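# Observations on the model geometry
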Amino acid sequence: KPVFGFVFSSHLCLSSLIITLSDLECDYINARACCSKLNKWVIPEMIGQCLSTMLMLVSMHWFIFLLNFPVAVWNIYRYVKVPMGNMGVFDPTEIHNRGQLKSHMKESMIKLGYHLLCFFIYLYR
Amino acid sequence: MWWQPFPNLSQLSAALGGLSGVPELEVETLRPVNLVQERNLLPPGPWSRTFRCTLTSIPQTQALLNKARLPLGLLLHPFRDLQQLPVITSNTIVRCRTCRTYINPFVTFLDQRRWKCNLCYRVNDVPDEFMYNPVTRSYGEPHRRPEVQNSTVEFIASSDYMLRPPQPAVYLFVLDVSHNAVESGYLKYFCDSLLENLDKLPGNGRCRVGFLTFDSTIHFYNLQNGLSQPQMLVVSDIHDVFIPSHDNLMVNLKESKELVKELLAALPSMFAHTRESQSALGPALQAAFKLMTPTGGRVSVFQTQLPTLGAGLLQSREDPNQRSSTKAVQHLGPATDFYKKLALDCSGQQIGVDLFLLSSQYSDLSSLACMSKFSAGSVFYYPSFHHVHNPAQLEKFQRDLERYLTRKIGFEAVMRIRCTKGLSIHTFHGNLFVRSTDMLSLANVNPDSAFAVQMSIEDSLADSSLACFQAALLYTSSKGKRRIRVHTLCLPVVTQLSEVYAGADVQAITCLLANMAIDRSVSSGLPDARDALVNAVVDLVGAYRTSVSNLQQNGLVLPSAMRLFPLYILALLKQKALRTGTSTRLDERVFAMCQFKTEPLPQLMRLMHPDLYRLDTISDQGALHLNDVIVPQPQLLHLSSERLSRDGTFLLDCGSVLFVWVGRACSDVFLRDVLGVHDYASLPPSMNHIPELDTPLSERIRAFLDWLQENRAFSCPLHVIRYFRLPTTHYVIRFLSSPYIKQTNKNIVSFNQSSVVHRL
């Protein structure tokens, strides 16, 4: 099932995101390096998510499609909402301000949990 | 404990009165104030000017802080010009082993050999060298050493604190020479000012300078010692900027001084007939970055229009019809990330970029200011600058330049703010780059920039009765010496809501809220930010009402320490940065926002809520004696038009301008002795100086005015105005309609009562 492949790759995506963010928290890398790494993954993640959602739609797995749809929409919303002067979704000047680091971590954890849920649903179908 | 600084809280508050400027908690401050009845409200003070906290009694838990509905934060001015600064010359810098806090007056010595850190509570050993006190030449009394007796000290940093040998002072001036720039005429005044102050530029024999001019091409100047005259090198490929010559463009000031002087004398006339109207600012900045990368230093950019060519070009985004809109103001954020990226690159190479914007049209300051915001630079704005048509701006430019060129500077600096275990800092305000969770990267530090931080209480502070904060600024002085300036603040921890209110610092709270509102207006819109400010007042009133439940009176009741809070918030809402409904140019609004983020607290308070003094009844009572001069200290008056009377002369200190208003029935003695005129009618329509007359009254007034000017970084113009004389009308209108001199008290009460009644 190609679906498995997608879910697995998005898992890897997210884990690397979480690891990079926690590196930043512990000062192993600096803000600019961290943000450029993370920004590189934003578009592939978005595209991967949308593709897998489309696949669900096409193969008529309605329940799984409904599960994935909000995540895809949220990714697109996050990408579009970046203010003009910012250097991508992860901006090195903002990442340490206003608890953004924590909120990004939380977001990644939630997505990871979500994907795990989907993974188990595929497994038992 | 063998030696504890403050065995009980009352001793702490008494001692803090001297050490960190927190006034003793008086019973008076616990009394609630009903704003409908009390009319005579004066600001509290005096406070520390270096390090202030919004709540001088820290609540023990986050729940208590939330109940109080007040923000918790620090406002600091770490590199402020100080009259006395103890410099520690010893080789060992004693620091806590876990949290790396510097030893400070608020640690506890368990016995002669061990000390307990006041931030992480770890017990450390006292090194042998520390036992000897060089000041008193005695042994065995570590608690008498200067590091433990002063809350602000400066250490001389050893080579452990250097990533590279300390850099020399390097200054690069990037000058716009397009047609627009020549029209405005700033170049001549800049060159004159720099020529005058060339010897006063902070630095030693290693100091270097360079010049770069640009219009649609970039011009470099070879000032190598030995040349007969400065040589200009033009680079016209602005899409791939390269440096034509590596060693001769940034030259040693001492060696090439004659050439530099020649260049400055020749520059204004070199471009006098230019027809170039384009401005390639982005490429010029890229060139500047390349020039400065090896050493770091300061870049001063002078720009007079929108950059129209090359990388970082900007469009005109402002819609003049939207200037008085009451809806959200558009385009408060940058249009491109070019300047932000450039600033981050510069910050990484220890280059600070300062911007002087002297434009008459919209120049997208919100994008341009980014170059200074993240490289710890400063922004100066002169709207409608013209050397002939706008003499006021010209004078301001000259004064500001003089201060800018001669003030102290620190290079390749980092700052760390540490707090007691349980407190954590989550947001930073000011021109800086947050490199990691608590390390702030400041490519340049200057004595006129301040910062603010917001904190939250992660864990309960039940372990200790004191909360301490330490700001450590590691920098390279202009003479190439590595120094660490350490400020420590210690505040009591309280468990009662009433004590939290009694210790609230209303001015610090207002400024922190201003910073937060500006961030909010950029991210979610101006009306949102304004509502949030009003809600801050409403929430406080509501919280106080529920907490002090024995109040049954009607009216607007506030804790005594916060009595001026509604007035300050109202004044804040009328500032250019946050006002709606009045025509405000976008650049001016953005600059006002930048000012709020970087100006020190006393200056911001004067901008928002000017000081009012009466001059004709000035006396020697309570005067200061400084250097054989008697400086009178007239009483601060309640800021209301009720206090103005026609038989007096009043001074309104607005921070950036001073108004002396002469009443129509002012005494002839005063007019003659101070202003040098026979009667009221012969006062000239525009008078900008108090004449130097030989009368005691004139001496006192001038001493007082000079003292006011010295207490601020940039001296401000003075205007003497009187009643309804046509040429001065615009000043009179400004004075009388300034947001403050109205029946402000009544305004506040009705404004807030309606919102309070509406919301509660």
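Chain B is annotated in an unreviewed UniProt entry as SEC24 homolog B, COPII coat complex component of Neogobius melanostomus. According to its UniProt record, chain B has this under Sequence similarities (unreviewed entry): "Belongs to the SEC23/SEC24 family. SEC24 subfamily."

Chain A goes by Cornichon family AMPA receptor auxiliary protein 4 in an unreviewed UniProt entry, where it is assigned to Neogobius melanostomus. Per its UniProt entry, chain A bears the Subcellular location (unreviewed entry) comment "Membrane".

## Examining the overall build of chain B
Scanning chain B from terminus to terminus reveals 22 helices and 34 strands. Across the 760 residues that make up chain B, the buried fraction comes to 60%. Taken as a whole, chain B presents about 30,500 Å² of accessible surface, with 49% of it coming from carbon and sulfur.

## Some details on the UniProt feature "transmembrane region" (unreviewed entry) in chain A
Here, UniProt's "transmembrane region" (unreviewed entry) annotation points to residues 54-77 of chain A. Secondary structure across residues 54-77 of chain A comprises 88% helix and 0% strand; the distance between its end C-alpha atoms is 17 Å.

## Section: the UniProt feature "domain: Sec23/Sec24 trunk" (unreviewed entry) in chain B
Those places that UniProt annotates as "domain: Sec23/Sec24 trunk" (unreviewed entry) correspond, in this numbering, to residues 166-405 of chain B. Spanning residues 166-405 of chain B, this segment combines 32% helix with 18% strand, and its end C-alpha atoms are found 21 Å apart.

## Observations regarding the sheet that holds strand E24 (residues 451-457) of chain B
Across a sheet, strands are paired by hydrogen bonds formed along the backbone, either parallel or antiparallel in direction. Residues and elements named next belong to chain B. Strand order in the open sheet formed by four strands is E2-E4-E24-E21, and the pairing between neighbours is antiparallel. A single partner strand is all that each edge strand has here, and the edge strands are strand E2 (51-53) and strand E21 (423-429). Averaged over all neighbouring strand pairs, the angle between strand axes comes to 25°, with direction disregarded. One ladder, built from six bridges, connects E21 with E24; its direction is antiparallel. Bridge pairing links Leu-423 to Ile-457 in E24.

## Describing the pattern of salt bridges
Between side chains of opposite charge, a pair can form when the charged atoms approach closely. All names here are of chain B. In the structure shown here, the tally under the stated rule is 32 salt bridges over all chains. Note that Asp-192 is salt-bridged to Lys-188, the shortest N-O span being 3.0 Å. Of this pair, Asp-192 and Lys-188 both sit in helix H6 (residues 186-197), separated by four residues, roughly a single helical turn. A relative accessible area of 34% places Asp-192 in the partly exposed class. For Lys-188, a relative accessible area of 42% corresponds to the partly exposed category.

## Notes on empty space enclosed by the protein
All names here are of chain B. Applying the stated criterion across every chain yields a total of eight cavities of 30 Å³ or more. Roughly 120 Å³ of internal volume is contained in the largest cavity. The wall of the largest cavity is formed by 19 residues, among which Leu-75, Leu-76, Ala-450, Phe-451 and Leu-601 lie closest to the centre. Residue assignment for the lining of the largest cavity shows that the elements contributing at least two residues are E2, strand E4 (73-76), E24, helix H17 (586-598) and helix H18 (601-608).

Here is what the cut-offs are and how they apply
- Residues numbered from 1 in each chain as written.
- Chains lettered and ligands numbered in written order.
- Predicted model: local features only at pLDDT ≥ 70, side-chain atom pairs only at ≥ 80, totals over all residues.
- Heavy atoms only, no water.
- UniProt positions renumbered as here; feature names shortened; annotations may be inferred.
- Helix = DSSP H or I, 4+ residues; strand = E, 2+ residues; numbered from the N terminus.
- Buried < 20%, exposed > 50% of the residue type's maximum accessible area, 1.4 Å probe, protein only.
- Areas by Shrake-Rupley, 256 points an atom, 1.4 Å probe, with all protein chains shown as cover.
- Pairing = 2+ DSSP bridges.
- Axes fitted to C-alpha atoms, helices over the stretch in contact; angles between N-to-C directions.
- Salt bridge = Lys/Arg side-chain N within 4 Å of Asp/Glu carboxyl O.
- 1 Å grid on protein atoms, 1.4 Å probe; cavity = no way out; pocket = protein on both sides within 12 Å on 5 of 7 lines; lining within 4 Å.
- Points joined across faces, edges and corners; volume = space filled by probe spheres on them.

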